[in-house]
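Summary of structural features
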Amino acid sequence: MTDYKALVKAAYEAQKNSYCPYSHWAVGAALLTKSGKVYLGCNIENNTFSPTVCAERVAFFKAVSEGVRDFSAIAIVGNAEGAKIGDGDVCPPCGVCRQVMTEFCPADFEIVLGRGDDDYEVYTLAELMPKVSLPLK
Ligand code: THU
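First, a word on scope: everything that follows refers to the structure included in this document. For clarity, every value in this text was computed on a predicted model and none was experimentally measured. (Residues numbered from 1 in each chain as written. Predicted model: local features only at pLDDT ≥ 70, side-chain atom pairs only at ≥ 80, totals over all residues. Heavy atoms only, no water.)

**Examining the nonpolar core**
Where a protein is soluble and globular, its nonpolar side chains tend to be buried together. Here is the rule we go by: What we call a nonpolar core is a set of buried Ala, Val, Leu, Ile, Met, Phe, Trp, Tyr and Cys residues that are connected through their side-chain atoms within 4.5 Å. Working definition: with a 1.4 Å probe on protein chains only, accessible area under 20% of the residue-type maximum means buried, over 50% means exposed, and in between means partly exposed. Numbering of helices and strands runs from the N terminus, with a helix taken as a DSSP run of H or I at least four residues long and a strand as a DSSP run of E at least two residues long. Contacts are residue-level and defined by heavy atoms, with any inter-residue pair within 4.5 Å sufficient.
Ranked by internal contacts, the top residues of the largest apolar core, which has 23 residues, are Leu31, Phe60, Ile74, Met101, Phe109 and Ile111. The set of elements that each furnish at least two residues to this core consists of strand E1 (25-33), helix H2 (55-65), strand E3 (71-80), helix H3 (95-104), strand E4 (110-116) and helix H4 (125-128). With four residues, H2 is the single largest residue contributor to this core. With sequence-adjacent residues up to four places away left out, Ile74 is seen in contact with Leu7, Ala29, Ala30, Leu31, Glu56, Phe60, Met101, Phe109, Glu110, Ile111 and Val112.

Below, the structure written as structure tokens:
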């Protein structure tokens, strides 16, 4: 049973490292592996814009680049830079990040959208990414 609250807390920790001087939108992600390890990610922007990478993909690519490909959940938090935790709303993953998730995750992979310390919504990947061209793992 996933500890959603702890995963959201880890995402808020990751968010502290967000590098977002252009959008001023800070995102953090905490990716839970099947073995219980957590990989953190934050969005990293660039002044030519297109090299910008979302927090979710940073977490995935850290894990995959270390040989880890079995995932059970990801928590995501995002809000205007400097906002107080709990003041904003959920930050659903972009289409590109959802596509990356379909490459590595099963249909019941859990996507935990944090809104505050103990305030979150949980979706499955199948709910947020229906009708994919390849079957989910
Ligand atoms: N961003 C993420 O990191 N994850 C999301 O789910 C949504 C968007 C980042 C990309 C960019 O640095 C900033 O948020 C504004 O779009």
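**Overview of helix H1 (residues 4-15)**
The line we're drawing: By this rule, a helix spans an expected 1.5 Å times one less than how many residues it contains.
For H1, built from twelve residues, the straight-helix expectation of 16 Å at 1.5 Å per residue is met to within 8% by its first-to-last C-alpha distance of 16 Å. All of the buried residues in H1 are Tyr4, Leu7, Val8, Ala10, Ala11, Tyr12, Ala14 and Gln15. On its buried face, H1 sits against E1, strand E2 (38-42), E3, E4 and strand E5 (119-124).

**Overview of the pattern of salt bridges**
Definition in use: Should a side-chain nitrogen of Lys or Arg be within 4 Å of a carboxyl oxygen of Asp or Glu, the pair is scored as a salt bridge.
Throughout the structure, instances matching the rule amount to four salt bridges. Residue Asp89 is joined to Arg115 by a salt bridge in which the shortest nitrogen-to-oxygen separation is 2.9 Å. With Asp89 in the loop between E3 and H3 and Arg115 in strand E4, this pair connects stretches of sequence that are 26 residues apart. Put simply, Asp89, Arg115, Asp119 and Glu121 are held in one network by salt bridges that share partners.

**Details of the pairing of E2**
Applied cut-off: Between any two strands, at least two bridges found by DSSP are needed for them to pair.
Bridge count for E1 against E2 is five bridges, and the pairing is antiparallel. When the sheet's bridge partners are listed, Gly28 is paired in E2 with Cys42. Taking the residues between adjacent antiparallel strands as the criterion, E1 and E2 are bridged by four residues, where Gly36 takes a positive phi near 100 degrees.

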